[in-house]
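If you want the building blocks of each chain, they are given just below.
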Amino acid sequence: MTLQDLFETIQSRKDADPTSSWTAQLLAKGPEKCAEKFGEEAIEAIIEAVKGDRAKLTSEAADVMYHLMVMLAARDVTLDEVVTELASRQSKSGIAEKASR
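Residues numbered from 1 in each chain as written. Predicted model: local features only at pLDDT ≥ 70, side-chain atom pairs only at ≥ 80, totals over all residues. Heavy atoms only, no water.

(A) A look at the overall build of the protein chain. Broken down by element type, the protein chain carries six helices and zero strands. Listed N to C, the secondary structure of the protein chain is α-α-α-α-α-α in terms of helices and strands. Projected onto the principal axes, the alpha-carbon positions of the protein chain cover approximately 45 × 35 × 25 Å. Within the span of the protein chain, comprising 101 residues, buried residues form 25% of the whole. (Helix = DSSP H or I, 4+ residues; strand = E, 2+ residues; numbered from the N terminus. Buried < 20%, exposed > 50% of the residue type's maximum accessible area, 1.4 Å probe, protein only.)

Put into structure tokens, the structure is as follows:
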């Protein structure tokens, strides 16, 4: 599965019956709940990174990526837009890009 595949699956669940899909259920709760869930998963990933448990970090990283994409979908931001933003930063050093914000 690619990230694009995952994003397309999430997009396809936007109009699905919330009783049939966790993604549809989460999206039905609104962007704020999607953001909250992303934050929870990010904290769990941080905890596992600090502990040094590779398997748990891998699992939590998958949760973070999924919930990030749900949050993006909830606000109608596409994966292509994020990739375009990353590409625009590719020609700058990270230090210069950070200073420009």
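(B) Structural context of the packing of helix α1 (residues 3-12) against helix α4 (residues 54-74). Two numbers describe how α1 lies on α4: the axes approach to 10 Å, and their chain directions differ by 50°. In this view, α1 runs oblique relative to α4, as classed from their interaxial angle. Note that α1 runs across α4; the crossing there is right-handed. Where α1 approaches α4, its residues Leu-3, Leu-6, Phe-7, Ile-10 and Gln-11 are matched on the opposing element by Met-65, Tyr-66, Met-69, Val-70, Leu-72 and Ala-73. (Axes fitted to C-alpha atoms, helices over the stretch in contact; angles between N-to-C directions. Parallel < 35°, antiparallel > 145°, perpendicular 65-115°, else oblique. Left-handed = near helix turned anticlockwise from the far one by under 90°. Contact = heavy atoms within 4.5 Å.)

(C) Broad picture of the nonpolar core. Of all hydrophobic cores here, the largest spans 13 residues; its most connected members are Phe-7, Ile-10, Leu-27, Cys-34, Met-69 and Val-70. Elements with a contribution of two residues or more to this core: α1, α2 (22-28) and α4. With six residues, α4 is the single largest residue contributor to this core. Beyond its immediate chain neighbours, meaning those up to four positions away, Ile-10 contacts Thr-23, Leu-27, Tyr-66, Met-69, Val-70 and Ala-73. (Core = buried A, V, L, I, M, F, W, Y, C linked by side-chain atoms within 4.5 Å.)

(D) Representation of the pattern of salt bridges. Summed over all chains, the structure comprises seven salt bridges. The closest approach of N and O atoms between Lys-37 and Glu-40, which form a salt bridge, is 3.4 Å. Here Glu-40 and Lys-37 lie together in helix α3 (residues 31-51), a separation of three residues that amounts to about one turn. A relative accessible area of 32% means that Glu-40 is categorised as partly exposed. (Salt bridge = Lys/Arg side-chain N within 4 Å of Asp/Glu carboxyl O.)

(E) Looking closely at a negative patch on the surface. Together, Asp-5, Glu-8, Asp-80 and Glu-81 make up a negatively charged patch on the protein surface. Elements with a contribution of two residues or more to the negative patch: α1 and α5 (79-89). (Patch = residues over 30% accessible without salt bridge, like charges linked within 9 Å, V, L, I, M, F, W, Y side chains within 5 Å. Areas by Shrake-Rupley, 256 points an atom, 1.4 Å probe, with all protein chains shown as cover. Lys, Arg positive; Asp, Glu negative; His and termini not counted. Charge placed at Lys NZ, Arg CZ, Asp CG, Glu CD.)

(F) Examining the side chain of Ser-21 more closely. Within the element layout of this structure, Ser-21 appears in the loop between α1 and α2. A polar side-chain atom of Ser-21 sits 3.1 Å from the main-chain amide nitrogen of Ala-24. (Polar contact = N/O pair within 3.5 Å; in protein donor to acceptor, adjacent residues only side chain to side chain.)

(G) Structural view of α3. Taking 1.5 Å of rise per residue, 21 residues should cover 30 Å, and α3 covers 30 Å from first to last C-alpha, within 8% of that figure. Among all positions in α3, only Cys-34, Lys-37, Glu-41, Ala-45 and Glu-48 are buried. All buried residues of α3 fall inside an arc of 80° around its axis, so they share one side. In α3, the exposed residues that point more than 90 degrees away from the buried face are Glu-32, Ile-43, Ile-46 and Val-50. Tucked into the core, α3 has its buried residues touching α2 and α4. At the exit of α3 stands Gly-52, carrying a positive phi of roughly 85°. (Expected span 1.5 Å × (residues − 1). Arc of directions from axis to C-beta.)

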